[in-house]
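Observations on chain architecture
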Amino acid sequence: MEKLKLVIVDDKEENVLSLKALLADVDNLDIWGSTSPNEALRYCWNQDIAIALVDVQMPEINGFEFVSLLQSNPKTWQIMVIMVTAISKEDKFLLKGLHSGAIDYLYKPLNPDITVAKVKSFMQQVYIQRELKRKNEELERSHMELVKAKKEADLARKSKENFLANMSHEIRTPINGITGITTMLRNSPLNEEQSEWLDYLENASQQLLLIINDILDLSKIDSGKMRLDFAKTSLAGVIKELTKLFTYKAEQKGITFHAVNDDKLPKHILADSLRLTQILSNLISNGIKFTEEGSVTLETKLLKRSKQRVHIQFSVKDTGIGINSNAIDKIFHSFEQGEEGITKRFGGTGLGLAIVKRLVNLHQGQIHAYSELGMGSEFVFQCWFDEEASEAAPKSDKKQYTDLPMLDGIRILLAEDNELNSFMVTHMLNTWGITVDTVKNGKEALDKVENISYSLILMDAHMPVMSGFDAIRAIRNDQREHIRNVPIISISASVLQREQQAAYAAGADAVVGKPFDPVSLYQIIKTLTQAKDKTNS
Ligand code: ADP
């Protein structure tokens, strides 16, 4: 038990001594006495005193003043004071003492038992008070820690969002270059073999896009922002696309990939084909990744048909390394892998199945993994879909960007720091008869608009020296009408809505994402430049 300090103040030495003697046997009490209230006050200010026994009638400072002085000092206000008095038991004295801050009285001549009992009971109170104070401080500390942790979590969430925005931009920009050049090549004379190489190149860039989308998807699903976009989907078409991609991948590894389809499968279902493909391609690419010999099979079956609803089962089976039985449950968690060392041997982020599981849940479906170490694995995904009536699929009349009518007489300023993208966009714009000037940052764009009147500006969002957003703001704030009103398309590689909103907030007329579709870019340019002509005429 902690030792408590007790102070006795009485102008008569013999009273101090007798009180000391009376309390000498009380455990855990450290007693100090003085006949001078001033000396006692100084002592109280410098020591951690728990209880004071104070005589009422003293020549220097009387007991009531002494207690008031203790009360007014933040170092001593919590001392428990017992007044020791011989003068009167009348109420007015009692009240005076209590008003000045004392908590009890002892009357002379002192009754030894009562004195000891009172001191002991106040010691108990001090212990309880100190315990309460400690607990309060602890609470205060943990409250502060919680506040700090919340602040840190908010900061971490913000920096995660920024990281995602930046990363998605950094990766999408070069992919945009790759897909753009692929489109350009596609419109040049090619032999059959070269066309096939282009297919692979296209597939590979799509895969790259899928990876960054994985990371973005996970945070989108976790924040409840992912919505499924249902449309009439050809099941056979989805499976055919997957077969095209994964047959080649499997062959490269020296294994085989087959797709086995049930005859009874409906031709068309209402599905989010992008997400359905995402679930299946995650499972198939894992199958191929973890299989060194043998095969991976995607089997699609109709389990049940009820009115216009179909219950479909997709199973992806491989003859690969298998999964330890105690790891099967955790492989669906983010960043978890079946076994230590898997990343080193096979690579991977541990995100694929976490996304699959969440997407399956969004579909209100079920997924199960069946596996034994060394015996291959099977992932089974079951889900209900609406069946859609089948009619002949409309022939795709997707326009090529090279087939579009000329947009003569248009001069565009392109601000883009990535050389590959700049080259590719310039080429496309030139194909449509547009004159293009290129600059590498927002600052150079501002210099250019000083001397040349443009029909439109294509402005990348993130550029060194001056960002696209800052440049757009500067243009929109220009005094000169012909500069202020120039149509601006912001090119943003970020898929985050916030980023697109920021472009509009800065003053962009349209936002084009990367990688963009040349035909839609053409349409936007046409609409914006025609609108401008109308307002000018
Ligand atoms: P990763 O990027 O690591 O492949 P996933 O979430 O797709 O992440 O998979 C998590 C883990 O589950 C893998 O690291 C692996 O241990 C295990 N796993 C997934 N599919 C298979 C499979 N077909 N065969 C064996 N192990 C698998």
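Residues numbered from 1 in each chain as written. Predicted model: local features only at pLDDT ≥ 70, side-chain atom pairs only at ≥ 80, totals over all residues. Heavy atoms only, no water.

We count it as follows: UniProt positions are given in the numbering used here, feature names are shortened, and annotations may be inferred rather than shown by experiment.
An unreviewed UniProt entry lists the chain under the name histidine kinase, with Parapedobacter pyrenivorans given as the organism. The chain has a UniProt comment under Catalytic activity (unreviewed entry) that states "ATP + protein L-histidine = ADP + protein N-phospho-L-histidine." Turning to the chain, the UniProt annotation filed under Subcellular location (unreviewed entry) states: "Membrane".

Brief notes about the packing of helix H7 (residues 235-253) against helix H8 (residues 273-289)
Which entries qualify depends on this criterion: To get an axis, a line is fitted to the C-alpha atoms, and for a helix only the part in contact is used. The angle between two axes follows their N-to-C directions and goes from 0 to 180 degrees. The numbering of helices and of strands both runs from the N terminus, where a helix is a DSSP run of H or I of at least 4 residues and a strand a run of E of at least 2. These descriptions rest on fixed angle ranges, namely under 35 degrees for roughly parallel, over 145 for roughly antiparallel, 65 to 115 for roughly perpendicular, and the rest for oblique. By definition, any crossing whose near helix is turned counterclockwise from its far helix by less than a right angle is left-handed, and any crossing with a clockwise turn is right-handed. Any two residues whose heavy atoms approach within 4.5 Å are treated as being in contact.
Where H7 contacts H8, the two axes come as close as 10 Å, and the packing angle between them is 25°. In terms of orientation, H7 lies roughly parallel with respect to H8. Every pair of crossing elements has a handedness; the one defined by H7 and H8 is right-handed. Only Ser273, Leu276, Thr277, Leu280, Ser281, Ile284, Ser285, Ile288 and Lys289 of H8 make contact with H7, whose side of the interface consists of Leu235, Val238, Leu242, Phe246, Lys249, Ala250 and Lys253.

Describing the sheet that holds strand E17 (residues 510-513)
Going by this rule: Criterion used throughout: strands pair if DSSP finds at least two bridges between them.
Here five strands make up an open sheet; going across it, the order is E14-E13-E15-E16-E17 and the pairing parallel. In the strand order of this sheet, the two ends are held by strand E14 (435-439) and E17, each with one partner. If you compare each strand with its neighbour and ignore which way they point, the axes differ by 20° on average. Bridge count for strand E15 (residues 456-460) against strand E16 (residues 488-492) is four bridges, and the pairing is parallel. Directly across from Ile457, in E16, lies its bridge partner Ile488. Contacts from helix H13 (residues 468-476) reach E15 and E16, with the element oriented near 150° to E15.

Considerations on the UniProt feature "modified residue: 4-aspartylphosphate" (unreviewed entry) in the chain
Quick note on the threshold: Each residue's exposure class comes from its accessible area (1.4 Å probe, protein chains only) as a fraction of the maximum for that residue type: buried when under 20%, exposed when over 50%, partly exposed otherwise.
Mapped onto this numbering, the UniProt entry gives "modified residue: 4-aspartylphosphate" (unreviewed entry) at Asp55 and Asp460. By secondary structure assignment, the location of Asp55 is in strand E3 (residues 51-55). Look at Asp55 and you get buried, because its relative accessible area is 4%. Residues within four places of Asp55 in sequence aside, it is in contact with Val9, Asp10, Asp11, Gly63, Val84 and Lys108. Relative to the helices and strands, Asp460 is located in strand E15. Looking at Asp460, the relative accessible area reads 0%, which means it is buried. When neighbours within four sequence positions are excluded, Asp460 is seen to be in contact with His169, Ala415, Glu416, Asp417, Gly468, Ile491 and Lys514.

A closer look at the pattern of salt bridges
Defined as follows: A pair is scored as a salt bridge if a Lys or Arg side-chain nitrogen falls within 4 Å of a carboxyl oxygen belonging to Asp or Glu.
The final tally for this structure, using the stated rule, is 21 salt bridges. Between Asp447 and Lys443 there is a salt bridge; the shortest N-O distance is 3.4 Å. Of this pair, Asp447 and Lys443 both sit in helix H12 (residues 442-451), four residues apart, roughly one helical turn. Judged by its relative accessible area of 40%, Lys443 is partly exposed. A salt bridge links Arg480 to Glu450; its shortest N-O distance comes to 2.9 Å. Taken together, the residues span a long stretch of sequence, with Arg480 in the loop between H13 and helix H14 (481-484) and Glu450 in helix H12 at a distance of 30 residues.

Here we look at a nonpolar patch on the surface
Our working definition: Within the patch definition used here, like charges are joined within 9 Å and nonpolar side chains (Val, Leu, Ile, Met, Phe, Trp, Tyr) within 5 Å, considering only residues with over 30% relative accessible area and no salt bridge. Areas reported here follow the Shrake-Rupley algorithm with a probe of radius 1.4 Å; residue values treat only the protein chains shown as occluding.
Residues Ile178, Leu201 and Leu208 make up a contiguous nonpolar surface patch of about 210 Å² in total accessible area. Mapped onto the elements of the fold, Ile178 is located in helix H5 (residues 112-186).

Observations concerning the environment of Phe230
Here Phe230 shows up in the loop between helix H6 (192-222) and strand E6 (231-234). Residue Phe230 is classed as partly exposed on the basis of its relative accessible area, which comes to 43%. Spatially, the C-alpha atom of Phe230 lies 9.9 Å from that of Phe385, the residues being 155 residues apart in sequence. Once residues lying within four places of it in the same chain are set aside, the contact partners of Phe230 are Leu270, Ala271 and Asp272.

A word on the side chain of Ser34
Our working rule: N or O atoms within 3.5 Å of each other form a polar contact, as long as, within protein, one can give a hydrogen and the other can take it, and as long as residues adjacent in sequence are counted only when both atoms are side-chain atoms.
By the element assignment, Ser34 lies in strand E2 (residues 29-34). Reaching out from Ser34, the side chain makes a polar contact with the side chain of Glu39 at a distance of 2.6 Å. Ignoring anything within four residues of it in the chain, the contact list for Ser34 reads Ile8, Val9, Asp10, Val16, Glu39 and Ala40.

What to know about helix H10 (residues 352-362)
Among all positions of H10, only Gly352, Leu353, Ala354, Ile355, Val356, Leu359 and Val360 are buried. Gln364 sits one or two residues past H10 and shows a positive phi near 55°.

A short note on the nonpolar core
What tends to happen in soluble globular proteins is that the nonpolar side chains get buried as a cluster. Note the threshold: Residues belong to one nonpolar core when they are buried, are Ala, Val, Leu, Ile, Met, Phe, Trp, Tyr or Cys, and are joined through side-chain atoms within 4.5 Å.
Within the largest apolar cluster, 46 residues are counted, with the highest numbers of intra-cluster contacts made by Leu276, Ile284, Leu298, Ile312, Phe314, Phe381 and Phe385. For this core, the element with the highest residue contribution is H7, accounting for seven residues. Among residues more than four places away in sequence, those in contact with Phe381 are Leu276, Ile279, Leu280, Ile312, Gln313, Phe314, Val360, Gln366 and Ile367. With 26 residues, the next largest nonpolar core counts Leu404, Leu407, Trp432 and Phe516 among its residues.

As for the pairing of strand E10 (residues 309-318)
A large share of E10 lies buried, amounting to eight of its 10 residues. Sheet topology places strand E9 (residues 295-306) next to E10; 10 bridges connect them, and they run antiparallel. Within the sheet, the bridge partner assigned to Leu302 lies in E10 and is Ile312. The hairpin turn running from E9 into E10, its antiparallel successor, is two residues long, and Lys307 in that turn takes a positive phi close to 50°. Sheet topology note: the E10/strand E12 (residues 377-388) ladder contains nine bridges and is antiparallel. Bridge pairing links Ser315 to Val380 in E12.

Concerning the environment of Arg130
Note on placement: Arg130 falls in helix H5. Accessibility expressed as a relative area gives 16% for Arg130, which makes it buried. Residues Arg130 and Ala50 lie 80 residues apart in sequence; the distance between their C-alpha atoms is 9.8 Å. For Arg130, the contacting residues outside a window of four places in its chain are Glu2, Leu4, Asp48, Ile49 and Ala50.

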